[in-house]
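Overview (structure and organization)
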Amino acid sequence: MTTEPNTPSRVGELGAPLEGLVVADFSRVLAGPLATMTLADLGARVIKIERPGLGDDTRAWGPPYSDHGATYFESVNRGKQSIALDLTDPQDRQTAFDLAAHADVVIENFAAGTMDRLGLGYDAISAVNPGSIFCSINGFGSAGGKDLLGYDFIVQAVGGLMSITGDAEGEPTKVGVALVDVLTGKDAVTGILAALIARGRTGRGDRLELTLLTSLLGSLVNQGQAGLETGRPGRAMGNQHPSIAPYETLHCRDGLIAVACGNDVQFGRLAGALGGSGLAERSEYATNPERVAHREALIQDLEALLGAREVEHWVQVLHAARVPAGKVNTIPEALQLAESLGLEPTVEVGAGWTREVRHPIRWTAYRTTDPTPPPSNDADADQVRAWLAAQASPPGVG
């Protein structure tokens with residue numbers, strides 16, 4: 001009898017997917033740290049380089065605080081080691097160079113050109129380690145935007161996202177989380193993993209550059225393409241969808257329900273479940289384009305039916321009718337929902353620490369690491385220096 005190579009006999013037998021990978025993390029705030037925490041969750045050893053005394057900016061971004069520090073910092077820095085280095089000090093800068101030269105991946109999000117000026121840029125690192133994958137993240141690129149400061153809120157504004165977010169009659173509104181940073185961090189992980197696969201074929205690394213602005217523009221999908229096609233700007237529509245109806249929040253007796261009918265069959269089910277089956281037969285509601293054109297009247301008709309009962313009642317009725325619908329939850333309620341569905345949305349990071357939202361991927365043969373708590377600044381300096389001292393010269397040295 002033959003078996004496939006590396007076929008596990010139980011879940012998680014093969015360990016973490018990125019086991020053995022070393023990441024030198026020069027990033028701070030959100031996009032870079034989220035990317036490196038993701039790599040740590042997948043098994044990489046992430047060494048975070050921080051400023052002496054101060055550390056990552058987000059160590060001071062509170063409230064709220066846990067017993068250990070700012071929850072903002074803790075949300076994107078579990079599973080890492082920390083060493084404090086003053087990059088303006090020649091000795092510390094040499095240590096930083098050695099770390100980068102021995103790492104598989106280097107991530108930084110300084111202003112464009114800063115790492116080059118410090119002698120820590122891609123050219124310097126790849127000269128001694130051609131397999132280095134060097135990921136730079138900034139706000140607006142290294143050409144015309146190199147002197148612009150890249151903060152998520154500013155990019156949401158200038159990148160068009162705020163213009164399509166918020167009430168139709170209100171002012172442009174940012175999303176309730178630093179979404180551009182999150183998208184850029186996820187894009188960075190995608191690029192790094194692709195570069196690792198390519199390096200496996202060629203032995204060569206590469207320099208990746210991501211910008212907050214292009215990550216945002218790439219995420220605008222249908223709205224972005226609509227703008228390219230028509231030349232007209234999108235507009236804020238509150239919770240409504242520009243191309244689908246009903247796809248919005250609707251008022252029940254005691255609050256809002258979110259309803260998303262992506263096709264005519266679902267709308268027919270919705271109308272029947274609400275006791276208004278005749279709605280689906282009306283010419284102005286028979287197809288999605290007609291419903292979009294007559295959205296205002298459609299909302300009035302649907303809310304006249306929904307107003308008879310409470311949100312929880314209609315959620316159960318619409319779920320039973322196979323209509324996409326849900327209550328507008330708070331974040332604690334959303335976590336409770338995920339828990340009730342068996343999704344195990346949080347993970348233990350250590351005794352005395354609050355659980356954290358876990359990495360979203362579940363593996364079969366592989367596993368994610370058992371996460372460690374976010375490090376205090378410079379907590380692992382001795383261990384990191386000892387590891388460096390034990391390393392042979394990186395490729396190309398000696």
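You'll find the structure just up there.
Please read these numbers as outputs of a predicted model, since none were measured by experiment.

Here the focus is the packing of helix α1 (residues 31-41) against helix α7 (residues 179-202). Contact geometry for α1 and α7: axes closest at 8 Å, N-to-C directions at 45 degrees. When the axes of α1 and α7 are compared, the pair comes out oblique. Between α1 and α7 lies a crossing of right-handed hand. Side by side, α1 and α7 meet where A31, L34, A35, T38 and L39 of the first sit next to D181, V182, T184, G185, A188, V189, I192 and L193 of the second. Of the residues belonging to the contact of α1 with α7, the class tally is nine nonpolar, three polar and one charged.

Tallied over the entire structure, the rule returns four aromatic pairs. Arranged with centres 6.5 Å apart and planes meeting at 70 degrees, the rings of F267 and Y285 form a pair that is edge-to-face. A residue pair is termed long-range when its members are at least 10 positions apart, and F267 in helix α10 (residues 264-273) and Y285 in the loop between α10 and α11 (288-293) qualify at 18 residues. In terms of burial, F267 and Y285 fall into one category: buried. Between W363 and Y366, the ring centres sit 6.3 Å apart and the planes meet at 80 degrees, which makes this aromatic pair edge-to-face. With a relative accessible area of 31%, W363 lands in the partly exposed category. Cation over ring: R59 sits above F73, and NZ or CZ is 3.9 Å from the ring centre.

The subject of this paragraph is the sheet that holds strand β5 (residues 133-138). Pairing is parallel across the open sheet formed by six strands, whose spatial order is β3-β2-β1-β4-β5-β6. Unpaired on one side and paired on the other, β3 (80-84) and β6 (206-211) mark the two borders of the sheet. Each strand axis lies, on average, 20 degrees off the axis of its neighbour in the sheet, ignoring direction. As defined by bridge partners, strand β1 (residues 22-25) adjoins strand β2 (residues 45-50) across four bridges and the pair is classed as parallel. Paired with A24 across the strands is I47, a residue of β2. Each of β1, β2, β3 and β4 (105-108) touches helix α3 (residues 90-102); the most contacted strand, β1, lies at about 145 degrees to it.

A few words now on the side chain of S136. Position of S136 relative to the elements: it lies in strand β5. Here the side chain of S136 touches E108 through a polar contact of 2.6 Å, side chain to side chain. A polar side-chain atom of S136 sits 3.2 Å from a polar atom in the side chain of R207. Aside from chain neighbours lying at most four places away, what touches S136 is E108, R207, L208, E209 and L210.

Take the pairing of β5 next. With six of its six residues buried, β5 lies for the most part within the structure. On β5, burial covers both faces: I133, C135 and I137 on one face and F134, S136 and N138 on the other are all buried. One ladder, built from six bridges, connects β5 with β6; its direction is parallel. By the bridge assignment for β6, I133 is matched with D206.

Under the 1.5 Å per step criterion, the end-to-end length of α3 is 18 Å for 13 residues, consistent within 8% with the ideal 18 Å. Where α3 is concerned, the buried positions are D92, T95, A96, F97, L99, A100 and A101. Elements in contact with the buried residues of α3: β1, β2, β3, β4, α5 (122-128) and α15 (381-389). Backbone nitrogen of Q91 and a side-chain oxygen of the N-cap are separated by 3.1 Å at the start of α3; the cap is D89.

The next point concerns the pattern of salt bridges. Under the counting rule described, the total for this entry stands at 17 salt bridges. Put simply, D104 and R199 hold a salt bridge, and the shortest N to O gap is 3.1 Å. Of this pair, D104 sits in the loop between α3 and β4 while R199 sits in helix α7, and the two are 95 residues apart along the sequence. Here R295 makes a salt bridge to E248, at a shortest N to O gap of 3.2 Å. Residue R295 is found in helix α12 (residues 295-306), and its partner E248 is found in strand β7 (residues 247-251); the two are separated by 47 residues along the sequence. The class for E248 is buried, based on a relative accessible area of 4%. Each member of the salt-bridge network shares a partner with another, and the members are D41, R78 and E356.

In this structure, L39, V105, I107 and I192 are the most contacted members of the largest nonpolar core, which totals 30 residues. If you list the elements that add at least two residues to this core, you get α1, β4, β5, α7, β6 and α8 (212-219). Broken down by element, this core gets its largest block of residues, six residues, from α7. Not counting chain neighbours up to four residues away, the residues in contact with L39 comprise L18, V23, A44, I107, V189, I192 and L193. Grouped together as the second largest cluster of nonpolar side chains are 26 residues, I49, F97, A103 and F134 included.

The next subject is the packing of α7 against α8. Between α7 and α8, whose axes approach to 9 Å, the crossing angle comes to 95 degrees. Between α7 and α8, the angle falls in the class roughly perpendicular. Residues V180, D181, L183, T184 and D187 of α7 form the contact with α8, whose participating residues are L212, S215, L216 and S219. Within the contact of α7 with α8, the residues separate by chemical class into four nonpolar, three polar and two charged.

Along helix α13 (residues 311-320), the positions that sit buried rather than exposed are V311, W314, V315 and L318. Burial along α13 is one-sided: seen end-on, the buried residues are contained in an arc of 105 degrees. Turned more than 90 degrees from where α13 packs its buried face, Q316 and A320 sit exposed. Taken together, the buried residues of α13 touch β8 (256-260), α10, α12 and β9 (325-327). Taken from the residues just after α13, R322 is the one with a positive phi, measuring 65 degrees.

Definitions and limits used
Residues numbered from 1 in each chain as written. Predicted model: local features only at pLDDT ≥ 70, side-chain atom pairs only at ≥ 80, totals over all residues. Heavy atoms only, no water. Axes fitted to C-alpha atoms, helices over the stretch in contact; angles between N-to-C directions. Helix = DSSP H or I, 4+ residues; strand = E, 2+ residues; numbered from the N terminus. Parallel < 35°, antiparallel > 145°, perpendicular 65-115°, else oblique. Left-handed = near helix turned anticlockwise from the far one by under 90°. Contact = heavy atoms within 4.5 Å. Nonpolar A, V, L, I, M, F, W, Y, C, P; charged D, E, K, R; others polar. Phe/Tyr/Trp six-rings, centres within 6.5 Å; stacked < 30°, edge-to-face > 60°. Buried < 20%, exposed > 50% of the residue type's maximum accessible area, 1.4 Å probe, protein only. Lys NZ or Arg CZ within 6 Å of the ring centre and 35° of its normal. Pairing = 2+ DSSP bridges. Polar contact = N/O pair within 3.5 Å; in protein donor to acceptor, adjacent residues only side chain to side chain. Expected span 1.5 Å × (residues − 1). Salt bridge = Lys/Arg side-chain N within 4 Å of Asp/Glu carboxyl O. Core = buried A, V, L, I, M, F, W, Y, C linked by side-chain atoms within 4.5 Å. Arc of directions from axis to C-beta.

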